[in-house]
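Chain by chain, the residues run as shown.
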Amino acid sequence: MQEELFNQYGWRLTLDTASLPDGRTKQSVRVHRCDSVHILAFPKPGHILLLKEYRPFYQEYIWMLPSGKVDKETDVLTAAGRELQEETGFAANIMTPYGQIYTSDSIVITNNIFLASDLYKSPLPQDDDELIEVFELPIKEAIDRVFSSPRIHSPSVVALLKYAREHNL
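Residues numbered from 1 in each chain as written. Predicted model: local features only at pLDDT ≥ 70, side-chain atom pairs only at ≥ 80, totals over all residues. Heavy atoms only, no water.

Digging into the pattern of salt bridges
What counts here: Here, a salt bridge means any Lys or Arg side-chain nitrogen found within 4 Å of an Asp or Glu carboxyl oxygen. Put simply, DSSP H or I for four residues or longer makes a helix, DSSP E for two residues or longer makes a strand, and each gets a number counted from the N terminus. Burial classification: accessible surface area is computed with a 1.4 Å probe over protein chains only, and a residue below 20% of its type maximum counts as buried, one above 50% as exposed, and the rest as partly exposed.
Taken as a whole and judged by the stated rule, the model has 13 salt bridges. A salt bridge links Glu141 to Arg145, with the nearest nitrogen and oxygen atoms 2.5 Å apart. Separated by 4 residues within a single helix, Glu141 and Arg145 lie in helix α2 (residues 139–148), roughly one turn from each other. Accessibility expressed as a relative area gives 29% for Glu141, which makes it partly exposed. A relative accessible area of 25% means that Arg145 is categorised as partly exposed. Three or more residues joined by partner-sharing salt bridges are found here, namely Asp71, Lys72, Glu73, Arg82, Glu83, Glu86 and Asp127.

The structure is reproduced here in structure tokens:
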């Protein structure tokens with residue numbers, strides 16, 4: 001059962017009731033927002049594109065993967081391609097789904113991870129409210145930079161560490 005509490009500005013809050021296996025129920029307020037994409041983009045083997053992005057509500061820069069909302073289209077692959085072009089100036093001939101990250105069962109957002117390779121220049125304008133610098137870094141250095149951020153971007157950490165673990169880096 002779901003009761004809508006709020007629905008504006010791209011955010012929806014609901015009071016949800018779910019059953020436990022023993023017949024009891026649990027109620028929780030859940031936050032719904034459009035899904036997001038996060039891209040591990042490889043300009044050459046062993047290197048990745050990493051962003052240093054100013055976050056105005058934090059009043060500081062953070063290191064993160066190219067990332068964004070699936071809000072201009074419904075297909076996550078199309079959104080990943082658009083975000084890569086907007087934030088890095090590159091497009092990818094090969095864009096492969098790499099997994100999904102879920103923050104919690106109270107926050108209903110799917111973070112879709114992609115691997116992008118065979119990159120070529122194809123910039124799209126950045127959003128007017130973004131301030132982004134793009135860096136090409138060895139993967140280990142990219143991990144260090146993400147962890148050095150004053151506020152750590154968790155989807156970037158998970159995606160980078162998963163990739164490093166699977167490739168014995």
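This is not the end of the story, as more comes after the structure.
Regarding the nonpolar core
Which entries qualify depends on this criterion: To form a nonpolar core, buried Ala, Val, Leu, Ile, Met, Phe, Trp, Tyr and Cys residues must be joined to one another through side-chain atoms within 4.5 Å. The contact rule is simple, with two residues in contact once any of their heavy atoms fall within 4.5 Å.
With 20 residues, the main nonpolar core has Leu40, Phe42, Ile48, Leu50, Leu65, Leu160 and Tyr163 as its most contacted residues. Of all the elements in the fold, those that place two or more residues in this core are β5 (47–55), β8 (90–104), β9 (107–121), α2 and α3 (154–166). With 5 residues, the single largest contributor to this core is α3. Ignoring sequence-local partners within four residues, the contact set of Leu50 consists of Trp63, Met64, Leu65, Glu133, Val134, Phe135, Leu137, Ala142, Arg145 and Val146.

A few points about helix α1 (residues 76–88)
Every α-helical turn comprises 3.6 residues, leaving residues that sit three or four positions apart pointing alike. Formally: For a helix, the expected span equals 1.5 Å multiplied by the number of residues minus one.
Here α1 spans 18 Å end to end across 13 residues, near enough to the 18 Å set by a 1.5 Å rise per residue. Residues of α1 that are buried in the fold lie against β4 (36–41), β5, β7 (67–69), β8, β9 and β10 (132–138). Of the residues trailing α1, Gly89 is marked for its positive phi of about 85°.

Regarding the pairing of β9
Under the convention used in this document: Strand pairing is assigned whenever DSSP identifies at least 2 bridges connecting the two strands.
As paired strands, strand β3 (residues 25–32) and β9 are joined by 2 bridges and run parallel to one another. Note on β9: the bridge partner recorded for His32 is Val108. Summarising the sheet, β4 and β9 pair through 6 bridges and their orientation is parallel. Bridging across to β9, Ser36 finds its partner in Asn111.

Remarks on a nonpolar patch on the surface
Convention followed: Patches were defined on residues exceeding 30% relative accessible area and lacking a salt bridge, with like-charge contacts within 9 Å and nonpolar side-chain contacts (Val, Leu, Ile, Met, Phe, Trp, Tyr) within 5 Å. Residue-level accessible areas treat just the shown protein chains as cover; the underlying method is Shrake-Rupley with a 1.4 Å probe.
Together, Leu5, Phe6, Tyr9, Trp11 and Val29 line one region of the surface with nonpolar side chains, adding up to about 540 Å² of accessible area. Note that Trp11 resides in strand β2 (residues 11–19). Judged by relative accessible area, Trp11 falls into the partly exposed class, the value being 37%.

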